[in-house]
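Fold and geometry: a report
For reference, the chains in residue letters:
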Amino acid sequence: MFAQFDASPLQQLHVELLKEKGVELWLKRDDLLHPEVQGNKWRKLKYNLINAKDKGMEQLLTFGGPFSNHVYATAAAANLYGFKSIGIIRGYESATLSPTLAFAKSKGMQLVFLDKTQYREKESDVFFKEWENHFGPFVVIPEGGTNLSALPGVAEVVKEIDIDFDVLCTACGTGGTIAGLLAQLNNQKQVLGFSSLKGDGDLAQTVDQLVLDYTGSRFNNYVIRNEFHFGGYAKITSELMQFIQSFKQKTGVLLDLVYTGKMMYGIFDLIRKDYFQRGTSIVALHTGGLQGWSGYPDMRKLVLD
Ligand SMILES: *Cc1c(COP(=O)(O)O)cnc(C)c1O
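Within each chain, residue numbers correspond to sequence positions counted from 1 in written order. It should be noted that, the model being predicted, local features are given only for residues of pLDDT at least 70 and side-chain atom pairs only at 80 or more, the latter also being counted only at that level, while totals for whole chains, interfaces and linings use all residues. Where side-chain values are given, they derive from all heavy atoms of the structure, hydrogens and water being excluded.

**Considering helix α8 (residues 176-185)**
With nine of 10 residues buried, α8 is to be regarded as a mostly interior element. Note on α8: the residue one or two positions beyond its end, N186, has a positive phi of about 55 degrees. Think of it in three bands: with a 1.4 Å probe and only protein chains considered, a residue is buried below 20% of the maximum accessible area for its type, exposed above 50%, and partly exposed in between. Secondary structure elements follow DSSP: runs of H or I of four or more residues count as helices, runs of E of two or more count as strands, with numbering from the N terminus.

What follows is the structure, given as structure tokens:
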């Protein structure tokens, strides 16, 4: 039923700065897992879907904004594995759906739009009753896909890495991905998270709680860097765009604007500032998110043509 996707490739990057600083940088290409269900959003969905099947549930309900990688991946995965899906979307329905939502709809996702105020109350009993009456029973997957069942899928990323490394890097939003990596590493190696949010006050708390609930332990082999958000979630600067462009030219790898571009900028910044000792081997997780470019077709043209 759940065909295993092949392990995603691990690719060593060859860039002048790395040679100069004596640092190895490898990219775990989860952006190549599957054309539609890519990146950490698939990793986080996997066991949520398996659990739903085990319970005999046929319908998934989740939440997100009009450009959400998670909504996109949920719609695609639901379609691939024979679930119905419902997307509760923040914002008003407009005549032209965002490319992300148009895709989700094409995969059979039923869309419900809530305005900002309603969206804040999206997990209230009143809404759940209404949706249950309308759609029938469903399994709820939280916004961003982070819950306890998200961790074992992310843990599989670590199992696939077949080189000896010192540091594992990931972009962070809701914290489910870094929590899954930490759970599998069992306090070995160092983990660096790069937050895409400005003022994510309690992200570490969320991560610690997820790891504790999943493993029964607390691990402190990680740091979340908060200085590479470029003004906040989904905020873009020309410096970031230039970095993504030059990274693409040097490595052939496309990063996304919201997460992996900011993470990689941060990694290069830290390398430049000698944060890593010579001889350090770093693995950075390409968590995908490339569908997000469809929301910025002009920028993509500007940066990549
Ligand atoms: C959602 C997302 C993240 C953040 O993952 P969390 O588990 O929410 O911390 C990172 N990268 C990409 C491409 C994402 O879509």
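**Some thoughts on the packing of helix α7 (residues 151-160) against α8**
The convention used is that axes are lines fitted to C-alpha atoms, helices contributing only their stretch in contact, and that angles between N-to-C directions extend from 0 to 180 degrees. For the pair α7 and α8, the least separation of the axes is 7 Å and the interaxial angle reads 60 degrees. Between α7 and α8, the crossing angle belongs to the class labelled oblique. Of the two elements, α7 crosses α8, and the hand of that crossing is right-handed. The segment α7 lies against α8, with L151, V154, A155, V157, V158 and K159 engaging G176, T177, A179, G180, L181, A183, Q184 and L185. Grouping the amino acids of the contact of α7 with α8 by side-chain chemistry returns nine nonpolar, four polar and one charged. Any angle between 65 and 115 degrees counts as roughly perpendicular, while under 35 counts as roughly parallel, over 145 as roughly antiparallel, and the rest as oblique. If you view the pair so one helix is near and one far, a crossing is left-handed when the near helix is turned anticlockwise from the far one by less than a right angle, and right-handed when it is turned clockwise. Throughout, a residue-residue contact means that at least one pair of heavy atoms, one from each residue, lies within 4.5 Å. Note on residue classes: Ala, Val, Leu, Ile, Met, Phe, Trp, Tyr, Cys and Pro are nonpolar, Asp, Glu, Lys and Arg are charged, and everything else, Gly too, is polar.

**Observations concerning the site of the ligand**
Proximity criterion: a residue is near a molecule or strand once any of its heavy atoms comes within 4 Å of it. Taken together, 16 residues surround the ligand, and among them K41, K44, T174, T177 and T287 come closest. Polar contact criterion, stated in full: a pair of N or O atoms within 3.5 Å, where within protein one must be able to donate a hydrogen and the other to accept it, and residues adjacent in sequence count only if both atoms are side-chain atoms. Measuring from an oxygen atom of the ligand, one finds a backbone N or O atom of G173 at 2.7 Å. In the environment of the ligand, a nitrogen atom lies 2.6 Å from a nitrogen or oxygen atom belonging to the side chain of T287. Each accessible area value is a Shrake-Rupley result obtained with a 1.4 Å probe; residue values ignore everything except the protein chains displayed when judging cover. Alone, the ligand offers 390 Å² of accessible surface; in the complex the protein occludes 98% of this.

**A short note on the domain arrangement of the protein chain**
Annotation comment: domain bounds sourced from an automatic or database domain assignment. When its domains are assigned, the protein chain resolves into domain 1 (10-35 + 148-304) and domain 2 (40-145). One C-alpha centre belongs to domain 1, the other to domain 2; they are set 25 Å apart. Contacts between the two partners involve 22 residues from domain 1 and, on the opposite side, 18 residues from domain 2. Buried area between domain 1 and domain 2, both sides added, is near 1,600 Å², and the carbon and sulfur share of it is 49%. By the criterion of area lost to domain 2, the three top residues of domain 1 are S149, E156 and Q291, representing 31% of everything that side buries. The working definition used for a salt bridge is a side-chain nitrogen of Lys or Arg within 4 Å of a carboxyl oxygen of Asp or Glu. At the boundary of domain 1 and domain 2, one finds three salt bridges. Notably, a salt bridge pairs E156 with K46, separated by 2.9 Å at the nearest N-O pair. Where domain 1 meets domain 2, there are 10 residue pairs in polar contact (both at pLDDT 80 or more). When residues of the side of domain 1 that touches domain 2 are traced back to their parent elements, those giving at least two are α7 and α8. Among the elements that line the side of domain 1 that touches domain 2, the one with the most residues is α7, at six residues. Grouping the constituent residues of the side of domain 1 that touches domain 2 by class yields six nonpolar, 12 polar and four charged. Note: buried area is the sum, over both parts, of the accessible area (probe 1.4 Å) each one loses when the two are combined.

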